[in-house]
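An overview of the molecular structure
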Amino acid sequence: MSSKEQQDESIRQILAEHGRLAAPASSIARDAELSAHGLTSHATVNVMLALEEHFGIEFPDQMLTRGVFTSIATIQAAVEKLVDAG
Amino acid sequence: MSGASAPPTSLYDGLVEHGLIIPVGVQGAFGRGAVFELVLARFNALVDEISRDDGARYCVFPPVISRKIIEKLNYMDSFPHLCGAVCSYFGDERGSKGFSQRIAAGEPWGDLLQMTDVVLNPAACYPVYPSFTGVVPDSGHLVTMFNWVFRHEPSPQPTRMQSFRVREFVRVGTPAQVVEWRDMWLQRGLTLLQSLGLDAVSDVASDPFFGRAGKIMAASQAQQQLKFEVLVPVNDGDSPTAVCSFNYHQQYFGSAFDIVLPSGEPASTACLGFGLERIVIALFKTHGFDPARWPGAVRTKLGL
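Residues numbered from 1 in each chain as written. Chains lettered and ligands numbered in written order. Predicted model: local features only at pLDDT ≥ 70, side-chain atom pairs only at ≥ 80, totals over all residues. Heavy atoms only, no water.

**Details of the overall build of chain A**
When you go through chain A residue by residue, the secondary structure sums to three helices and zero strands. When the helices and strands of chain A are placed in sequence order, the string is α-α-α. Against the compact-globule benchmark of 12 Å for 86 residues, chain A has a radius of gyration of 12 Å, which places it among compact chains. Taking the principal axes of its C-alpha atoms as reference, chain A extends roughly 35 × 30 × 20 Å. Across the 86 residues that make up chain A, the buried fraction comes to 45%. Long-range contacts, defined here as pairs at least 24 residues apart, represent 54% of the contacts in chain A between residues at least 6 apart. Per element, the accessible surface of chain A, about 4600 Å² overall, is 49% carbon and sulfur. Taking the 6 positively charged and 12 negatively charged side chains of chain A as two groups, their mean positions are separated by 6 Å. (Helix = DSSP H or I, 4+ residues; strand = E, 2+ residues; numbered from the N terminus. Rg over C-alpha atoms; globule rule 2.2 N^0.38 Å. Buried < 20%, exposed > 50% of the residue type's maximum accessible area, 1.4 Å probe, protein only. Contact = heavy atoms within 4.5 Å. Areas by Shrake-Rupley, 256 points an atom, 1.4 Å probe, with all protein chains shown as cover. Lys, Arg positive; Asp, Glu negative; His and termini not counted. Charge placed at Lys NZ, Arg CZ, Asp CG, Glu CD.)

Following this line, the structure appears as structure tokens:
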């Protein structure tokens, strides 16, 4: 499994555990809007904290926006950027 | 106001010198004089007047609410820094001797206390939601309240208080019902404040959620345009001060308190509040410390 695929899987696992989504995280399309699957801002906060712990990263203030947490693809882009920067 | 902190603003000094507010030795907790209270009561009466035909049910709650309400609403995740939990002593006489010893030694004594079942009410709309549990009628609910609110935000600025009163309205119903109602009030609030000679404008806003996680909450709230404020310039050199806020909560309270529409869906809610002390202070700032010298139109409107 490539590191990208591993990231995708880890993000889905974190969403399943902390996102309180209406659908199984494993079956959500990468570009689908997570809010449409029931991701609330309260749950987003828990997802962010779990991502930080799992990937050993810290989201800087300017990345604490709804845009970063729109879809699995946008989350992964942010995680990649922070992992590379670290 | 404690002497050790930042120097008080000239607005604060002016309010004190004219007997409008009374320092009590703690920031953000001043007393209010008779003229201050008169203006506050007259403004509140104006709100009565413009909402008379709305059919809102009036109620007043005490400054404390059940601790269970803020626990149910995850308040301690979002605003732990603003919270005021009421604690008291549950021990025996022997244990109580610890207080005077600690106090005499200048040591903290909070750890000798334990939490009671009440907290200081942190938002004017909170006390009423448990009373809505159940099925909402087709026309929804509409209440208005006059409640004390506590926020732990000590500041030398007279407009940032730890304890203040809000004239509040809460609407419960379908999303369309509550959003239409909130938008109607946003315009009403602007018109009312402008009619008193205040330079009032409205803007999208967000709540002061705690920490980094709170930044996501705030960004989300702003992006969805869930909160609006009416702002008035009050403190020199500072951005305008929010004197009213208009909030659409979506289904947050409906889900938390099992408030449901006839369809079985959680009800939506919205609230709006006039920060009464802030409006009164804005009037003194704008028109001067002596209401006898205020513009005739403003005096007439307030019945002064």
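From this point on, the discussion continues.
**A look at the overall build of chain B**
A tally of regular secondary structure across chain B gives 10 helices and 14 strands. For 304 residues, the compact-globule estimate of 2.2 N^0.38 gives 19 Å, and the C-alpha radius of gyration of chain B, at 21 Å, lies within 12% of that figure. In terms of its C-alpha atoms, chain B occupies a principal-axis envelope of roughly 60 × 55 × 35 Å. In chain B, buried positions account for 46% of the 304 residues. When contacts within chain B are restricted to residue pairs at least 6 apart in sequence, long-range pairs at least 24 apart make up 69% of them.

**What about the domain arrangement of chain B?**
All names here are of chain B. What the domain assignment reports for chain B is domain 1 (11-83 + 122-302) and domain 2 (85-120). Summarising the inter-unit geometry, the C-alpha centres of domain 1 and domain 2 are found 33 Å apart. Taken together, the contact between domain 1 and domain 2 spans nine residues of the former and eight residues of the latter. Interface of domain 1 and domain 2: buried area, both sides summed, is about 760 Å²; carbon and sulfur atoms make up 65% of it. (Domains from an automatic or database assignment. Buried area = accessible area lost by both parts, 1.4 Å probe.)

**Some words on the interface of chain B and chain A**
How big an interface is tends to be expressed through the accessible area that disappears when the partners come together. Between chain B and chain A, the contact holds 12 residues from the first and 13 residues from the second. Summing both partners gives a buried area of about 1200 Å² for chain B against chain A, and 64% of it is carried by carbon and sulfur. When the area that chain B buries against chain A is broken down by residue, the three leading residues are B:Arg212, B:Ile216 and B:Met217, summing to 53%. At the junction of chain B with chain A, the criterion picks out two salt bridges. A salt bridge links B:Lys215 to A:Asp61, with the nearest nitrogen and oxygen atoms 3.8 Å apart. Where chain B meets chain A, there are two residue pairs in polar contact (both at pLDDT 80 or more). Here the residues of the side of chain B that touches chain A are counted per class, giving five nonpolar, five polar and two charged. (Salt bridge = Lys/Arg side-chain N within 4 Å of Asp/Glu carboxyl O. Polar contact = N/O pair within 3.5 Å; in protein donor to acceptor, adjacent residues only side chain to side chain. Nonpolar A, V, L, I, M, F, W, Y, C, P; charged D, E, K, R; others polar.)

**Section: the pattern of salt bridges**
Residue and element names in this part refer to chain B. Counting across every chain of the model gives 18 salt bridges over all chains. One salt bridge connects Asp117 with Arg67, and the closest N-O pair in it is separated by 3.7 Å. Here Asp117, found in strand E6 (residues 114-120), pairs with Arg67, found in helix H3 (residues 67-72); they are 50 residues apart in sequence, far enough to count as distant. Residue classification places Asp117 among the exposed positions, given a relative accessible area of 58%. Through salt bridges with shared partners, a single ionic network connects Arg32, Glu37, Arg165 and Glu277.

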